[in-house]
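# Overview (structure and organization)
Listed here are the chains, written in short residue letters.
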Amino acid sequence: WKKGLAIGLLLLFCFQLGCAPALAAQQANSWYSYSKHQAVTAADLTYRGFDATDLEQALTDLADAYDKKGQNKRIARLIQTVLEEYDELATQFLLAEVAYYRDVHDATMAAEVETLSMLQLELRNKAYAVFAAGMQSSYAEVVAREIGYDYGAALQAYEAMTEKELTLQLQEQQLIQAYDTAYNSNYTVEVDGVTWTEASFAANPPEDEEQYEAVGLALAQKLNALTGEIFTQLVQVRTQIAKEAGYETYADYCYAAYGRDYTPTDSKKAVSGGQTVNCAPLYQQMAEQAQEGD
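The sections below set out a description of the structure shown in this document. Bear in mind that the values here come from a model prediction, so they are computed numbers and not experimental data.

Here we take up the environment of Glu85. Note on placement: Glu85 falls in helix α4 (residues 72-102). Each C-alpha atom, one on Glu85 and one on Thr53, is 9.6 Å from the other, the two residues being 32 residues apart in sequence. For Glu85, the residues in contact, after removing those within four places along its chain, are Phe50, Asp51, Asp54 and Leu55.

What follows concerns the nonpolar core. Grouped together as the largest cluster of nonpolar side chains are 45 residues, with contacts concentrated most on Leu55, Leu62, Ile75, Ile79, Leu89 and Phe131. If you list the elements that add at least two residues to this core, you get α3 (53-65), α4, α5 (107-135), α6 (140-147) and α7 (149-155). If one sorts the elements of this core by residue count, α5 sits on top with 14 residues. Not counting the four nearest positions on each side in its chain, Leu89 is found in contact with Phe50, Leu55, Leu116, Leu119, Gln120 and Leu123. Listed in part, the twelve residues of the second largest apolar core include Ile230, Ala242, Ala245 and Tyr253.

Turning next to the packing of α3 against α5. Packed helices, taken two at a time, are described by the angle their axes make and the gap between the axes. Between α3 and α5, whose axes approach to 10 Å, the crossing angle comes to 20 degrees. Compared by their axis directions, α3 and α5 come out roughly parallel. For the crossing formed where α3 meets α5, the hand is left-handed. Note on element contacts: α5 touches α3 through Leu123, Lys126, Ala127, Val130 and Phe131, opposite Leu55, Glu56, Leu59, Thr60, Leu62 and Ala63.

So, how was this worked out
- Residues numbered from 1 in each chain as written.
- Predicted model: local features only at pLDDT ≥ 70, side-chain atom pairs only at ≥ 80, totals over all residues.
- Heavy atoms only, no water.
- Helix = DSSP H or I, 4+ residues; strand = E, 2+ residues; numbered from the N terminus.
- Contact = heavy atoms within 4.5 Å.
- Core = buried A, V, L, I, M, F, W, Y, C linked by side-chain atoms within 4.5 Å.
- Buried < 20%, exposed > 50% of the residue type's maximum accessible area, 1.4 Å probe, protein only.
- Axes fitted to C-alpha atoms, helices over the stretch in contact; angles between N-to-C directions.
- Parallel < 35°, antiparallel > 145°, perpendicular 65-115°, else oblique.
- Left-handed = near helix turned anticlockwise from the far one by under 90°.

This is how it looks when you write it as structure tokens:
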């Protein structure tokens, strides 16, 4: 575990947050157990914001409890509060993203996504640091039991993100939103006196092949003009994020963050270094079997 692999730890952390029932069922030799619950529709899943007061207070109290004696039950209770509150924060962030992607021009939701994105990053960083401190205290067994022994062992080596890393993450989020807005803007082009949009081109493209290519090229060039510079800046920011985390490239950083047991170099070898094989007969055989199967 190296500094900057917040994505990898997030996946572990969210798995711990969201899969307690499944883990309990697994211990009973079954992955899934039947449970009754009310039907939930998309309309029920509405964004309502997040108040970080309880989560921040629980983290403060937890850090303070490590220095006192006889705090086993209190520490266990505080950790559960942290997990539950962070789960609510993650849920509200995802709901905000859903609302944002329904209309990326909604300035209010764009602001909410940016705010919650940074709040989630900062509080996750703080939670990891507090849990890591707990693993170095006399309450290590309690902490490991509550968050999971594998997660506890990983967090022992966690290094908190720096202000520069947090700033880069904010810049990344802002650039992603700027790219979304530009990409989904109602841009138009004029070709041979006719005004075209992506929608009109898709719905009623020119029958003439030359004109079809001219309109398609004009739309592509306009989109590139709107998004190209933003994407270039995003590449630069992500390269800085990778280097701050100790990686040469953003690809190296992401491969490690996703927990892959192979590198970008391995991937290139798999693509370019393999012997050429005619897969068509095997593909045809498998396709036929798939069609005949249930």
